Amino acid sequence: MILKEHELFVSLHSDSPKYPPILLYGSNEGLIRENVLKIKKIFNKQNSEEIFFTGKTLSEQSHLFIDEVQTVSMFNDKKIIFIEQPLDKNVELFQECFAKLPEQILIIVIADILSKSSKVRRFFEGSNDYLCCANYDDDFKTNSKQIYELEKVINKVFDKDIKNYLNQNLSSDRMISKNEVDKLILLYSGNERKPELDDIQAIFNDNSQLELNKIPQVVFSGNPKKVSIFLKKLFDQGVNPVTILRTMLNYVQRIELTQIAFKKTNSFDDAIKVLKPPVFWKDKDIFQLHCKKWPIKETINNFNILINAELRCKSDYALTNILCERALLKIASKGKIYFQ
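Calculation criteria
Residues numbered from 1 in each chain as written. Predicted model: local features only at pLDDT ≥ 70, side-chain atom pairs only at ≥ 80, totals over all residues. Heavy atoms only, no water. Core = buried A, V, L, I, M, F, W, Y, C linked by side-chain atoms within 4.5 Å. Buried < 20%, exposed > 50% of the residue type's maximum accessible area, 1.4 Å probe, protein only. Helix = DSSP H or I, 4+ residues; strand = E, 2+ residues; numbered from the N terminus. Pairing = 2+ DSSP bridges. Axes fitted to C-alpha atoms, helices over the stretch in contact; angles between N-to-C directions. Contact = heavy atoms within 4.5 Å. Polar contact = N/O pair within 3.5 Å; in protein donor to acceptor, adjacent residues only side chain to side chain. Salt bridge = Lys/Arg side-chain N within 4 Å of Asp/Glu carboxyl O. Parallel < 35°, antiparallel > 145°, perpendicular 65-115°, else oblique. Left-handed = near helix turned anticlockwise from the far one by under 90°. Nonpolar A, V, L, I, M, F, W, Y, C, P; charged D, E, K, R; others polar. Phe/Tyr/Trp six-rings, centres within 6.5 Å; stacked < 30°, edge-to-face > 60°. Lys NZ or Arg CZ within 6 Å of the ring centre and 35° of its normal.

> Hey, could you run me through the nonpolar core in this one?
Across soluble globular proteins, nonpolar side chains show a tendency to be buried alongside one another. Counting residues in each nonpolar core, the largest one holds 38 residues, and the members touching the most others are V219, F220, I244, F287 and L328. If you tally residues by element for this core, the top one is helix α13 (residues 241–265), at 8 residues. Counting residues in each nonpolar core, the second largest holds 25 residues, with F98, L101, I107 and A111 among its members.

So, in structure tokens, the structure goes:
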């Protein structure tokens, strides 16, 4: 069943005896994560356990998923099972398990962009018993709504120039725009300070730095489509391709140092102690995945790809954007193997 975002939450109630499996897909990763939190808040009225699978795991070890669906922990009242990056071949397993899903189980399937021909998308859209919600990039309408909600939170009204500026500069990804909105809340909430365009522009000036820091995560998570989107934003903001490659090289070196230390300690928490500066706590989970899923041999190859790209950029300034993008897409395409 196809639902819009507001329809999704109308159909979910905390006192529902049974929750239908839900597919959240689309290019707006931040919005997907935001909607997951809202769903969990509705479902999680009692103590619940969270289990995570990937489409590849379901394909290779379907018995593990079947066992999780059929059992609830002695220590938890409910269970949420997340399935990230589902594969078309998983649909047969979905048909088998979803038909007899216990009341205490909630299934949330999370995917990137799915074509209309996707079997997973068609399975959810064509059923009256399961829910399907697309999470597309934020646009003028959704950004305007965010601005309106922000005004209510800080109890202040923005003038026309500020609203226009915010609409032009809020990211299309909800996660990134939320970071900017949170900064504005800290600046203006609970005081008499009047919103000024210069102050807000100063806050948004570090937006390119935020996206620059995020691009290694997108590359090493094996997401070529998002790599192209992020690179376009950075190039449009005037970020030098060599700066992007240096950021990538720094990230690769941190992965390699952690992988070497992990071999000695067999503890990720101990291994990352060698890093200066330390890993930011919000980035720890994704960094751990990159360290564990990428073979160290490939980490070294990635370093060489980036070094060669930087050298070529310095010798041919006319092609710097193309050379930078080609190197990052090459790594991201390899990463799809480890993050399917």
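> Any chance you could explain the sheet that holds strand β2 (residues 48–54) here in plain terms?
Neighbouring strands of a sheet are bound in pairs by backbone hydrogen bonds; such pairs are parallel or else antiparallel. Taken in spatial order, the 5 strands line up as β2-β3-β4-β1-β5 in an open sheet, and their pairing is parallel. Pairing within the sheet leaves two strands with one partner each, and these edge strands are β2 and β5 (131–134). Along the sheet, successive strands turn relative to each other by an average axial angle of 20°, direction set aside. Strand contacts of helix α4 (residues 62–70): β2, β3 (78–84) and β4 (105–111), with the helix running at about 155° to β3, the strand carrying the most contacts.

> Help me understand the side chain of Q259 in this model?
Residue position: Q259 is located in helix α13. Within polar-contact distance, the side chain of Q259 engages the backbone oxygen of C291 at 3.0 Å. If near-sequence neighbours (up to four positions away) are discounted, Q259 is found in contact with H290, C291, W294, P295, I296 and T299.

> Would you explain the pattern of salt bridges in this entry?
Pairing between side chains of opposite charge can happen when the charged atoms of each approach one another. For the structure on display, the rule yields 18 salt bridges. A salt bridge links R174 to E34; the shortest N-O distance between them is 3.0 Å. Placement of R174 in helix α9 (residues 174–188) and of E34 in helix α2 (residues 29–43) is noted, with a sequence separation of 140 residues between them. Accessibility expressed as a relative area gives 9% for R174, which makes it buried. Judged by relative accessible area, E34 falls into the partly exposed class, the value being 21%.

> Explanation requested: the packing of helix α8 (residues 160–169) against helix α10 (residues 197–204) in the structure shown.
Any two packed helices are characterised by the angle at which their axes cross and by the distance between the axes. It is at 10 Å that the axes of α8 and α10 come closest, and there the two elements cross at 10°. If you check the angle between α8 and α10, you find them roughly parallel. For the pair α8 and α10, the sense of crossing is right-handed. Across the interface between the two elements, D161, I162, Y165, L166 and N169 from α8 touch L197, I200, Q201 and F204 from α10. When the residues that make up the contact of α8 with α10 are grouped by side-chain class, the tally is 6 nonpolar, 2 polar and 1 charged.

> Looking at this structure, how should I read the packing of aromatic side chains?
Here the distance between the centres and the angle between the planes together describe a pair of aromatic rings. Throughout the structure, instances matching the rule amount to 17 aromatic pairs. Judged by centre distance (5.5 Å) and plane angle (75°), the rings of F98 and Y130 are edge-to-face. Of this pair, F98 sits in helix α5 (residues 91–98) while Y130 sits in the loop between α6 (119–125) and β5, and the two are 32 residues apart along the sequence. In this structure, F98 and Y130 share a single accessibility class: buried. Members of the aromatic cluster, joined through ring pairs, are F220, Y251, F268, F287, W294 and Y338. Above the ring of F230, the side-chain terminus of K233 is found at 5.5 Å from the ring centroid.

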